Amino acid sequence: MVSVVIAAGGKGARMGADKNKVYLTLLGEEILLHTVKAFENTAEVDEIIVVTGSSDIERCQRLLGVCKKVKAVTEGGATRQQSVYNGILKTGGDIILIHDGARALITGEIITNVINDCVKYGAASAGVRVKDTLKTAENGFITGTVDRENTYQIQTPQAFYADIIKKAHENAAKNGYDFTDDCQAAEKIGVKIKITEGSYENIKITTPEDIVTAERILEKRRYK
């Protein structure tokens, strides 16, 4: 059984909005609905848990009422990590996928490939090779160059066997860690994570420019 936890509690500070950015629209449909539909339409997915802010729960339930695989809309915590863990505790799957609600351009193909790699390797995450040269810096001055050949931009979904990701989050909570993604939590307990080929189109919608880019990608897909 495959469960999905969608983290949808972020505010739109960099979007220039004071509300949750996942309720902004792409081609007339909410970002979150685009995201959830991708998992809803993937055969391997059995259930979806959406984590959002307490003030958005009713709105989220109304929006996702058409999605049969959404089993619960639950309240998040003070951080992304706490919110994801709240969602994990609502799941019943043997494999748990964790995905950003603002990554609305995720495809069924990538979802399926991440699940398959998790089954084979124990844990997997979508990711793409970085295109740009990356530098390290101190006080605004370059101190070194990162090896681009071995550097990836990690995306979501990220998939784990349920016992592994629960243990990783329990360890993080016990030790007061605050990670920005679930791979970090799993790495901390020694888990090796397979990188599944993602897509440069699988962007996280964060700024107004991302809305424009996302709509162009969706329009391109419509006419393929």
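Check the entry above for the structure.
Okay, so let's go over this structure. (Residues numbered from 1 in each chain as written. Predicted model: local features only at pLDDT ≥ 70, side-chain atom pairs only at ≥ 80, totals over all residues. Heavy atoms only, no water.)

**Overview of the nonpolar core**
L32, V36, F39, I48, V50, L64 and L97 are the most contacted members of the largest nonpolar core, which has 32 residues in total. At the level of secondary structure, the elements contributing two or more residues to this core comprise β1 (2-7), α1 (31-40), β4 (47-52), α2 (57-63), β5 (70-75), β6 (95-100), α4 (108-121) and β7 (123-129). The contacts of V36, once residues within four sequence positions are left out, are I6, I48, V50, L64, C67 and V70. Counting residues in each nonpolar core, the second largest holds 19 residues, with V51, I165, A185 and A186 among its members. (Core = buried A, V, L, I, M, F, W, Y, C linked by side-chain atoms within 4.5 Å. Buried < 20%, exposed > 50% of the residue type's maximum accessible area, 1.4 Å probe, protein only. Helix = DSSP H or I, 4+ residues; strand = E, 2+ residues; numbered from the N terminus. Contact = heavy atoms within 4.5 Å.)

**Some remarks on the pairing of β4**
By the criterion of burial, β4 is predominantly enclosed, with six of the six residues buried. Side chains E47, I49 and V51 of β4 all project onto a buried face; the interleaved residues I48, V50 and T52 project onto the opposite face, where all are buried too. Where β1 meets β4, five bridges bridge the pair, whose relative direction is parallel. Bridge pairing links S3 to E47 in β4. Where β4 meets β5, five bridges bridge the pair, whose relative direction is parallel. In the strand pairing of β5, T52 is matched with E75. Taken together, β4, α2 and β5 constitute a β-α-β crossover, and its handedness is right-handed. (Pairing = 2+ DSSP bridges. Right-handed = clockwise from strand over helix to strand, strands pointing away.)

**Comments concerning the pattern of salt bridges**
On inspection of all chains with the given rule, the structure shows six salt bridges. Here K37 and E29 are joined by a salt bridge, their closest N and O atoms 3.0 Å apart. Ionic pairing is found between R221 and E201, a salt bridge with its closest N-O pair at 3.1 Å. With R221 in helix α7 (residues 208-222) and E201 in the loop between β11 (194-197) and α7, this pair connects stretches of sequence that are 20 residues apart. Salt bridges linked by common partners bring R80, D100, R103 and D182 together as one network. (Salt bridge = Lys/Arg side-chain N within 4 Å of Asp/Glu carboxyl O.)

Such coordinate-based values are descriptive only and should not be taken to indicate function.
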